[in-house]
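# Observations on the model geometry
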Amino acid sequence: MSQKSFFSLICVLLICIVCCDEHDHIYKDGDEVVLWMNTVGPYHNRQETYSYFSLPFCRGQKAAISHYHETLGEALLGVELEFSGIDIDYKGDFSHTEYCSVDLNEEKYQAFVYAVQNHYWYQMYIDDLPIWGIVGEIDDGGEGHYIWTHKKFDIGFNGQYIVDVNLTSESKVKLKPGIKIPFSYEVKWHTSNVKFEDRFDKYLDPNFFQHRIHWFSIFNSFMMVIFLVGLVSMILMRTLRKDYARYSREEDLDDMEKDLGDEYGWKQVHGDVFRPASHAMLFSALVGTGYHVALVTLCVILFTIVGELYTERGSLLSTAIFVYAATSPVNGYFGGSLYARMGGKLWIKQMVASAFLMPAVICGTAFFINFIAIYYHASRAIPFVTMVAVTCICIFVILPLTLVGTVLGRNLAGQPDYPCRINAVPRPIPEKKWFMEPAVITLAGGVLPFGSIFIEMYFIFTSFWAYKIYYVYGFMLLVFLILAVVTVCVTIVCTYFLLNAEDYRWQWTSFMAAASTSGYVYLYSFYYFFFKTKMYGLFQTTFYFGYMALFSLALGVMCGTCGYIGTSIFVRKIYSTVKID
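Summarised in this report is the structure supplied together with it. (Residues numbered from 1 in each chain as written. Predicted model: local features only at pLDDT ≥ 70, side-chain atom pairs only at ≥ 80, totals over all residues. Heavy atoms only, no water.)

A few words now on unusual backbone geometry. With glycine set apart, most residues show a phi of negative sign, and most peptide bonds adopt trans. For aspartate 128, which is not glycine, the phi dihedral falls at a positive 70 degrees. Relative to the elements of secondary structure, aspartate 128 occurs in the loop between strand E5 (120-126) and strand E6 (129-134). Of the residues examined, aspartate 128 reaches a relative accessible area of 11% and is grouped as buried. Positive phi values are uncommon outside glycine, yet glutamate 502 reaches one of about 60 degrees. Positionally, glutamate 502 belongs in the loop between helix H14 (473-500) and helix H15 (506-532). Since its relative accessible area comes to 11%, glutamate 502 is described here as buried. (Helix = DSSP H or I, 4+ residues; strand = E, 2+ residues; numbered from the N terminus. Buried < 20%, exposed > 50% of the residue type's maximum accessible area, 1.4 Å probe, protein only.)

Dropping the structure here:
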């Protein structure tokens, strides 16, 4: 009986949750429409936001409604929804109505003046539709500071749905200590032909994202791929054919002629080319993480194309966290199997390193920035409960799933199956020209991959750091695939030159040559910060360069893994087709 009662209680709770969801978006005449006040902050510092009521605005008379973070993404993005207290009813027009007033003492006066001087803007939500407004403005002489006191809402509806919201700020009042500022609003409803499914289209900017420069950059990158693939195929096929012919002639010579002959090239390192990479634990953890990041990126792009996740607050970030946690076995499988093939024995240590490599770096950076956000009392300060939730996801979801993947990887793909035996004693690496050194190859390897994506980086940066909503995820998918192909082609060529110089340290070189793309992206972020934005202040600067470093790191690990995968297949292929005594 108690078990039955328990299940009945669960069913009732689920029904209540479904029926009482404030986001079903369906209204009847006279239903309450909630106006949520979100954040306020400097226009040029998009991420430096504060609670709307941190400025001395006043609330309406209506009873307060509490808001909770529906998703983890909302909490991490600093969404601070607070009820405005303004009375709005579905299809109910309100004429000019004063809802509160503020007595402007010296402290409040200074707060408003500072906000006006720094071009503070605020964000509100009605039925999940964002609305933006400006706090005030400065007169032409630069001495008088004015604040907008009247909000005029023009709301469009289609049947039972709200499909359009526009805000007009009116009634400019000059700020002076000791005055009383009345705040008012009015609401006008009108029918609209906009469909509910299309109501977010007005926030998108096709003139910016579908500009012919964007199309040209995609076409240019695509032509680069065709050129590179053709060039690599032609050069390597012709060169390898000559190598195979030369090695075949050498096999027909007797031992005396071989000793007198001038042997050189990639065949000479066949006994060392499959030697395990130095720092195998770190290398396998990076490769496993790269597989993981690449899969998460692909999944999130596809989900966004299908589900238009950019229309919901925090949905994109929540989806990324969920997919990252759910696909953790991929990390363990590829990282664990590679470590086993390299002869690693400390597999548990490797598994932990692989599971926590990316989360530890992200959480460490985020928590550091969080201390600055707390000092600034910014809405971006991550709540303690959210920190605990993220930590629990890492410990109780990501770690066990990575363990499962590691065990599977070690058992299913952990046996080395190299086409050449590994010599007991490492072969000395001969001296070579400076441009054949791994460090130089690493720096050169990222130039072309960066060239294929840097235009797209501008659009992505602008959508995140400025006031644009990125929605052309089809473009992003194409760029993602182009980047992968260009990275593989470039690293194969780099590795061939390295092996031809009889240097068998190709694993780290192929990984770092591809990963160096992220270094150029990070350098580009400096250019973007100083020449394309007007950001200022410690918090915004730290936030920008901290999260750009994380973005570049994730991109580097992903590109490095792509380069290593392609190069590994290439190296196996060329050494498996050469007859080796």
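Quick look at the side chain of threonine 487 now. You can see threonine 487 is positioned in helix H14. The residues touching threonine 487, leaving out its near neighbours within four places in the chain, are Pro449, Ala514, Cys559, Cys562 and Gly563. (Contact = heavy atoms within 4.5 Å.)

Glancing now at the nonpolar core. Ranked by size, the top nonpolar core spans 140 residues in total, and within it Ile88, Ile126, Val135, Phe153, Ile162 and Tyr575 carry the most contacts. Tallying contributions element by element places H14 first for this core, with 16 residues. Setting aside residues up to four positions removed in sequence, isoleucine 162 forms contacts with Tyr27, Val33, Tyr90, Ile126, Asp127, Leu129, Ile155, Gly156, Phe157, Trp189, Phe196 and Arg199. Formed by 6 residues, the second largest nonpolar core is a distinct cluster that contains Val34, Trp36, Val79 and Phe83. (Core = buried A, V, L, I, M, F, W, Y, C linked by side-chain atoms within 4.5 Å.)

Residues Phe216, Phe219, Phe222, Met223 and Ile226 make up a contiguous nonpolar surface patch of about 540 Å² in total accessible area. Of note, isoleucine 226 is situated in helix H5 (residues 212-252). Judged by relative accessible area, which is 47%, isoleucine 226 ranks as partly exposed. (Patch = residues over 30% accessible without salt bridge, like charges linked within 9 Å, V, L, I, M, F, W, Y side chains within 5 Å. Areas by Shrake-Rupley, 256 points an atom, 1.4 Å probe, with all protein chains shown as cover. Salt bridge = Lys/Arg side-chain N within 4 Å of Asp/Glu carboxyl O.)

On to the pattern of salt bridges, then. Counted according to the given criterion, the structure contains 15 salt bridges. A salt bridge links arginine 59 to glutamate 82, with the nearest nitrogen and oxygen atoms 3.2 Å apart. Within this pair, whereas arginine 59 is found in the loop between strand E2 (50-51) and helix H2 (72-76), its partner glutamate 82 is found in strand E3 (residues 82-83), the two being separated by 23 residues in sequence. Judged by relative accessible area, which is 40%, arginine 59 ranks as partly exposed. The partner of lysine 432 in a salt bridge is aspartate 503, and the shortest N-O contact between them spans 2.9 Å. Taken together, the positions of lysine 432 in the loop between helix H11 (384-413) and helix H12 (438-445) and aspartate 503 in the loop between H14 and H15 put the pair 71 residues apart, joining distant regions of the chain. In this pair, the class of lysine 432 matches that of aspartate 503, namely buried. Look at the salt bridges and you will find they share partners, linking Glu32, Lys62 and Asp87 into a network.

Attention shifts here to the state of the cysteines. This model, assessed by the stated rule, comprises 1 disulfide. The disulfide bridge from cysteine 58 ends at cysteine 100, spanning 1.8 Å between sulfur atoms. Handedness of the cysteine 58-cysteine 100 disulfide follows from its S-S torsion of about 70 degrees: it is right-handed. Placement of the pair is cysteine 58 in the loop between E2 and H2 and cysteine 100 in strand E4 (residues 94-103), with a sequence separation of 42 residues. You'll find cysteine 58 and cysteine 100 in the same group, each marked buried. Counting only cysteine sulfurs, cysteine 394 is the nearest neighbor of cysteine 363, a cysteine outside any disulfide, at a range of 4.8 Å. (Disulfide = S-S within 2.5 Å.)

Below, the discussion takes up the pairing of strand E10 (residues 180-191). Both E4 and E10 contribute to a ladder of 7 bridges, which runs antiparallel. Counted as the bridge partner of phenylalanine 94 is valine 187 from E10. Sheet topology note: the strand E8 (residues 145-158)/E10 ladder contains 8 bridges and is parallel. Its bridge partner being in E10, glycine 156 is matched across the sheet by histidine 190. (Pairing = 2+ DSSP bridges.)

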